[in-house]
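Chain and residue survey
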Amino acid sequence: MEETSTAMGLDLKDRDPKRLNDSIKVFNITRLWCYRVLSLILAVPAACVWGVHFALLAFCTVWCCRPFMRWAQIVCGYCGDCHLIFIENFVKPVFVAVSFIFANFKVVSFVRTSGRMSHSGLSVKWMLRP
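From a predicted model like this one, the values you see are computed outputs, not experimental measurements.

Analysis parameters
Residues numbered from 1 in each chain as written. Predicted model: local features only at pLDDT ≥ 70, side-chain atom pairs only at ≥ 80, totals over all residues. Heavy atoms only, no water. Helix = DSSP H or I, 4+ residues; strand = E, 2+ residues; numbered from the N terminus. Buried < 20%, exposed > 50% of the residue type's maximum accessible area, 1.4 Å probe, protein only. Contact = heavy atoms within 4.5 Å. Areas by Shrake-Rupley, 256 points an atom, 1.4 Å probe, with all protein chains shown as cover. Patch = residues over 30% accessible without salt bridge, like charges linked within 9 Å, V, L, I, M, F, W, Y side chains within 5 Å. Salt bridge = Lys/Arg side-chain N within 4 Å of Asp/Glu carboxyl O. UniProt positions renumbered as here; feature names shortened; annotations may be inferred. Expected span 1.5 Å × (residues − 1). Bend = angle between axes of the 7 residues up to and from the residue. Phe/Tyr/Trp six-rings, centres within 6.5 Å; stacked < 30°, edge-to-face > 60°.

With that settled, consider the overall build of the chain. Counting secondary structure elements, the chain contains 1 helix and 4 strands. Seen in sequence order, the chain has helices and strands lined up from the N terminus as α-β-β-β-β. Split into buried and exposed, the 130 residues of the chain put 3% on the buried side. Considering only contacts within the chain whose residues lie at least 6 apart along the sequence, 7% involve residues at least 24 apart. Surface exposure of the chain reaches about 12,300 Å², of which carbon and sulfur atoms provide 71%.

A contiguous nonpolar surface patch, about 920 Å² in accessible area, is contributed by Ile29, Leu32, Trp33, Val37, Leu38, Leu40, Ile41, Leu42 and Val44. The topology assignment puts valine 37 in helix α1 (residues 22-102).

Okay, the UniProt feature "transmembrane region" (unreviewed entry) in the chain next. In the numbering used here, UniProt assigns the feature "transmembrane region" (unreviewed entry) to residues 37-64. Secondary structure across residues 37-64 divides into 100% helix and 0% strand, with the first and last C-alpha atoms of the span separated by 40 Å.

This part is about α1. In this model α1 runs just 97 Å from its N-terminal to its C-terminal C-alpha over 81 residues, more than 12% under the 120 Å that 1.5 Å per residue would give. Threonine 61 marks where α1 bends most, by close to 40°.

On to the packing of aromatic side chains. What characterises a pair of aromatic rings is the spacing of the ring centres plus the angle enclosed by the ring planes. The tally for this structure, following the rule as stated, stands at 2 aromatic pairs. Each ring, one from phenylalanine 68 and one from tryptophan 71, has its centre 5.8 Å from the other, and the planes form 35°; the classification is tilted. Within this pair, phenylalanine 68 and its partner tryptophan 71 are both found in helix α1, separated by 3 residues, close to a single helical turn. Using a relative accessible area of 51% as the deciding quantity, one classes tryptophan 71 as exposed. Consider the rings of phenylalanine 86 and phenylalanine 90, whose centres lie 5.5 Å apart with planes at 40°: the pair is tilted. Highlighted residues: phenylalanine 86 and phenylalanine 90, both in helix α1, separated by 4 residues, approximately one helical turn. A residue is classified by how much of its surface remains accessible, and phenylalanine 86, at 44% relative accessible area, is partly exposed. When its relative accessible area of 55% is taken as the criterion, phenylalanine 90 is described as exposed.

A few words on the pattern of salt bridges. Applying the stated rule across the entire model yields 1 salt bridge. In this structure, lysine 92 and glutamate 88 form a salt bridge, with 3.8 Å as the shortest nitrogen-oxygen distance. Residue lysine 92 and its partner glutamate 88 are both found in helix α1; the two are separated by 4 residues, about one turn of the helix.

Next up, the structure:
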């Protein structure tokens, strides 16, 4: 016969001889079966909904978003060309002309201290080109 008790008189095979923890066992079994039933009831429809959602997302990406992005690239290419023509023909000549006007200005720095001139302040002089 096997020895199932220890020196203190504990039964190692039947650790709950008075059945005090039966409610915990019932709770664990109930929890397990509730999980299984709810998983069966909710998981299959959820998987179907997620599958349809993914299919719609893929469809919209392939057939709506990508063609729109390609169309936008084509249109923006034409707009970019028009913008470049406008800049080159109207804006650039104005800035070149203004740069020729301001090219004759020379910035020289002078500071007057006790009757002597030193180079640390700013003054603008108009100088004509030869």
